[in-house]
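# Structural characterization, general
One letter stands for each residue in the lines below.
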Amino acid sequence: MSETSEIFRDSFGTITKEGKRNWVYAKWPKGKFYNGRTVVSIVYLIVFFTLPWIKYRDEPLFLFNLVERKFILFGTIFWPQDFFVFALAMLTFIVFIVLFTVVFGRIFCGWVCPQTIFMEMVFRKIEYWIDGDAEKQKRLNAMPWNGEKILKRSGKFLAFFTMSFIIANYFLAYITGMDHVMDLMKGGLATHLDVFIPLVIFTFVFFFVYWWFREQACLIVCPYGRLQGVMLDPNSIVVAYDYVRGEPRGKISKDEPEKKGDCIDCFDCVRVCPTGIDIRNGTQMECVNCTACIDACDAIMTKVHRDTGLIRYASENNIKKGEKLHMNIRTGAYMVVLFVLLGVLTTLLVTRKDIQATIMRAQGMLYQEQPGNKISNIYNIKLINKTRKDIPVQLRLEDEEELHGTIKMVGKDLHVPSESVGDGIFFVIMDKSELHHRKNKIEIGVYSGDKKIDEVKTNFMAPNN
Ligand code: SF4
Ligand code: SF4
């Protein structure tokens, strides 16, 4: 990090000393990184707006219904009973993000974070098209309310509001499913208030964020941004200014060229920054690694015939000591944790059952004597049907031949409706002469037709011989 003053860390560049908003008029970036991010954002937006329309086995491919705690990932439905699988998936994702951040800094923020994509690649572009580049925006803001300003402001308002409404619809589709959102469109508002009210709220929230709140979402609200201080280390690759090469900065002067570093103090890197910071002050929490300053500085370096890369992806150790990226203990430890979590998660996903049975012996009753020299035990069964089909269930004693046992349901046969929990009571009856132990291990198969859908091991209690 540069040895320049650290006073800038005491305040946000976007908030004045009086606590008012310091509006950022970011210059439109141009360059290879910006072009790369534009391509990524186009792919991202195509995926974002296409996924809610895709169905698999009559279900959305992805659904994150937090209200009903129902989640669908790649067509597989996860119910509240699978919450531990989902929680583990989230934990794995977080460890992955942490590991990724330790190694590659905030690359996620700059390239794929939805806030950055929508702010920089959708709304800010609309703003550039309507209001013009940063200088024109400043002028427009300062001018009185004349015809031009009214026209541009209302055009921008309409475009931002429409875009916010569209995003809100899709956002909601990820929560309730596109069918539900389409029902609202077809059936009218009054009948679908459960969708209409959140739709209005989301539209206004998105509009507020992109019209006014903007970079403050990254600076004040986002918890990931707040964690940078503990996740980054001197080997993390971040967007960084090469102060070894750049300092002492100064305008190009024919009189004393050899005394200066490569930074010509043109401030172009600051002008393009959407969070209003000066990257030359060192790695800062406000930097979302958007690469705009890399493009700006490369363009300047090319103009003054110096090597590009004065601002580039680099680690502190790379700049200070010329070191290449290498693994440290922390990175290794995160990788071990990540692989363990991935292993456990894969096992849980592979062994996850659509029907889950729990069988327990009824409390307080060891066994019952039955006519014909037989012994019975009574059991409770609980079945969770995670599918969208009603399932008739039969129970079979897997060791039937060896133990000559039978299963007799109490009441009607088991039938578990879709997406619900069913329970029942049954007897296992066995021939006394076959039972040689007080506690006998048995296995009960859960079948739907001829298909075995689960099996449960339990004990069968018998009198002492
Ligand atoms: S400092 Fe550079 S990379 Fe960081 S937010 Fe500003 S322009 Fe983007
Ligand atoms: S764009 Fe490059 S040369 Fe200009 S001030 Fe920033 S770091 Fe220095």
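Everything that follows concerns the structure shown earlier in this document.
So, a few notes on the structure that sits alongside this text. What you see as residue numbers is a count from 1 along each chain, following the sequence as written. Lettering for chains starts from A, numbering for ligands starts from 1, and both go in the order in which the items are written. With pLDDT at 70 or above as the cut-off, local features in this predicted model cover only qualifying residues; side-chain atom pairs require 80 or more to be listed or tallied, and sums for whole chains, interfaces and linings still use all residues.

## Some points on the overall build of the protein
Here is the rule we go by: The helix and strand labels rest on DSSP assignments: H or I over at least four residues marks a helix, E over at least two residues marks a strand, and numbering proceeds from the N terminus. Radius of gyration: over C-alpha atoms. The globule rule applied is 2.2 Å multiplied by the number of residues raised to the 0.38 power. Here a residue counts as buried when 20 or more other C-beta atoms sit within 10 Å of its C-beta, as exposed when there are 12 or fewer, and as partly exposed otherwise, the C-beta atoms being derived from the backbone. Note on contacts: residues are paired as contacts if their backbone-placed C-beta atoms lie within 7 Å.
Tallying secondary structure elements over the protein gives 17 helices and 16 strands in all. A globule of 465 residues ought to have a C-alpha radius of gyration of about 23 Å, yet the protein, at 32 Å, is considerably larger. Referenced to the eigenvectors of the C-alpha coordinate spread, the extents of the protein come out at roughly 115 × 60 × 40 Å. In the protein, buried positions account for 25% of the 465 residues. Taking the contacts inside the protein whose residues are at least 6 apart along the sequence as the reference set, 67% of them involve residues at least 24 apart.

## Re the site of ligand 2
Put simply, the rule reads: In this analysis, residues qualify as near a molecule or strand once their C-beta atom, positioned from backbone atoms, comes within 6 Å of it. Three residue categories are used. Nonpolar comprises Ala, Val, Leu, Ile, Met, Phe, Trp, Tyr, Cys and Pro, charged comprises Asp, Glu, Lys and Arg, and polar comprises the others, including Gly.
Around ligand 2 there are 15 residues in total, and Cys263, Cys266, Asp268, Cys269 and Cys297 lie nearest to it. Only helix H13 (268–271) and helix H14 (292–303) provide two or more residues apiece to the shell around ligand 2. It is H14 that provides the largest number of residues to the shell around ligand 2, a total of 3 residues. By residue class, the composition of the shell around ligand 2 is 11 nonpolar, 1 polar and 3 charged.

## A few points about the sheet that holds strand S3 (residues 62–65)
Stated formally: Pairs of strands are assigned from DSSP output, requiring at least two bridges between the strands. Axes here refer to lines fitted to C-alpha atoms; in helices the fit is confined to the stretch in contact. Angles between the N-to-C directions go from 0 to 180 degrees.
Strands sit in the order S3-S4-S5 across an open sheet of 3 strands; the sheet is antiparallel. Since the sheet does not close on itself, it has two edges, and those belong to S3 and strand S5 (76–78), each with one partner. Within the sheet, the average angular offset between the axes of one strand and its neighbour, ignoring direction, is 20 degrees.

## As for the pairing of strand S14 (residues 421–431)
Alignment of strand S10 (residues 374–385) against S14, held across 11 bridges, turns out to be antiparallel. Each residue of the ladder has a partner; that of Ile381, found in S14, is Gly424. Alignment of strand S12 (residues 406–410) against S14, held across 5 bridges, turns out to be antiparallel. Looking across to S14, one finds that Val410 is bridged to Ile425.

## A word on the packing of helix H4 (residues 114–131) against helix H6 (residues 147–176)
What counts is decided by this rule: An angle below 35 degrees is treated as roughly parallel, one above 145 as roughly antiparallel, one from 65 to 115 as roughly perpendicular, and anything else as oblique. Crossings are assigned a handedness: left-handed for a near helix turned anticlockwise from the far helix by less than a right angle, right-handed for a clockwise turn.
Contact geometry for H4 and H6: axes closest at 9 Å, N-to-C directions at 155 degrees. One way to sum up the angle between H4 and H6 is to call them roughly antiparallel. For the pair H4 and H6, the crossing hand works out as right-handed. The residues of H6 that touch H4, namely those facing Phe118, Val122, Phe123, Ile126, Glu127, Ile130 and Asp131, are Lys152, Gly155, Lys156, Ala159, Phe160, Met163 and Ile167. Of the residues that constitute the contact of H4 with H6, the class distribution is 9 nonpolar, 1 polar and 4 charged.

## Observations concerning H4
Short version of the rule: Given a residue, its bend is the angle between the two axes fitted to the seven residues that end at it and to the seven that start from it.
Largest kink in H4: about 35 degrees, centred on Arg124. For H4, every residue scored as buried is listed here: Thr116, Ile117, Phe118, Met119, Glu120, Phe123, Glu127 and Asp131. Elements in contact with the buried residues of H4: helix H1 (32–50), helix H3 (107–111), helix H5 (134–142), H6 and helix H8 (193–213). Once H4 finishes, Gly132 follows within two positions and takes phi at roughly 95 degrees, a positive value.

## Considerations on the nonpolar core
Spelled out, the test is: Linking buried Ala, Val, Leu, Ile, Met, Phe, Trp, Tyr and Cys residues through C-beta atoms within 7 Å yields a set, and such a set is a nonpolar core.
If you look at the biggest cluster of nonpolar residues, it comprises 46 residues, and the most contacted ones within it are Val239, Cys269, Ile279, Cys293, Cys297 and Ile311. Counting residues per element, the ones that place at least two in this core are H4, H6, H8, helix H9 (216–221), strand S6 (238–241) and H14. Leaving out residues up to four positions away in the same chain, Cys269 has contacts with Ile279, Cys293, Ala296, Cys297 and Ile311. Core analysis: the second largest hydrophobic core is formed by 21 residues, Ile359, Ile384, Ile391 and Val446 among them.

## What to know about the environment of Lys432
Counting through the fold element by element, Lys432 comes out in the loop between S14 and strand S15 (439–448). On the neighbour-count criterion, Lys432 (15 C-beta atoms within 10 Å) is partly exposed. For the pair formed by Lys432 and Gly405, sequence separation is 27 residues and the distance between their alpha carbons is 9.9 Å. Look past the residues within four positions of Lys432 in its chain and what remains in contact with it is Asn373, Lys374 and Ile375.

## Description of the sheet that holds strand S11 (residues 391–397)
Strand order in the open sheet formed by 4 strands is S13-S11-S15-S16, with antiparallel pairing between adjacent strands. Looking at which strands have only one partner, the edges of the open sheet turn out to be strand S13 (414–416) and strand S16 (451–461). The sheet shows a mean angle of 30 degrees between the axes of neighbouring strands, direction not considered. The pairing of S11 with S15 spans 4 bridges and is classified as antiparallel. Along S15, the bridge assignment pairs Arg396 with Gly445.

## Looking at unusual backbone geometry
Residues Glu247 and Pro248 are joined by a peptide bond in cis, for which omega reads -5 degrees. On the secondary structure map, Pro248 appears in the loop between helix H12 (243–246) and H13. Located in the positive-phi region is Asp265, a residue other than glycine, with phi close to 55 degrees. Secondary-structure assignment places Asp265 in the loop between H12 and H13. The class for Asp265 is partly exposed, based on 14 C-beta atoms found within 10 Å. Unusually for a residue other than glycine, Asn373 sits at a positive phi of about 60 degrees.

## Re the environment of Ala462
As for its placement among the helices and strands, Ala462 is situated in the segment after S16. Look at Ala462 and you get partly exposed, because 19 C-beta atoms sit within 10 Å. Separated by 93 residues in the primary sequence, Ala462 and Glu369 place their C-alpha atoms 9.3 Å from one another. If we skip the residues at most four places from it in the chain, Ala462 touches Tyr367, Ile375, Leu435, His437, Arg438 and Asn440.

## Considerations on the pairing of S15
For S15 and S16, the ladder comprises 10 bridges, and the chain directions are antiparallel. When the bridges of S16 are listed, Lys439 appears paired with Met461. Between S15 and S16, which pair antiparallel one after the other, the connecting turn spans 2 residues, and Gly449 there sits at a positive phi close to 65 degrees.

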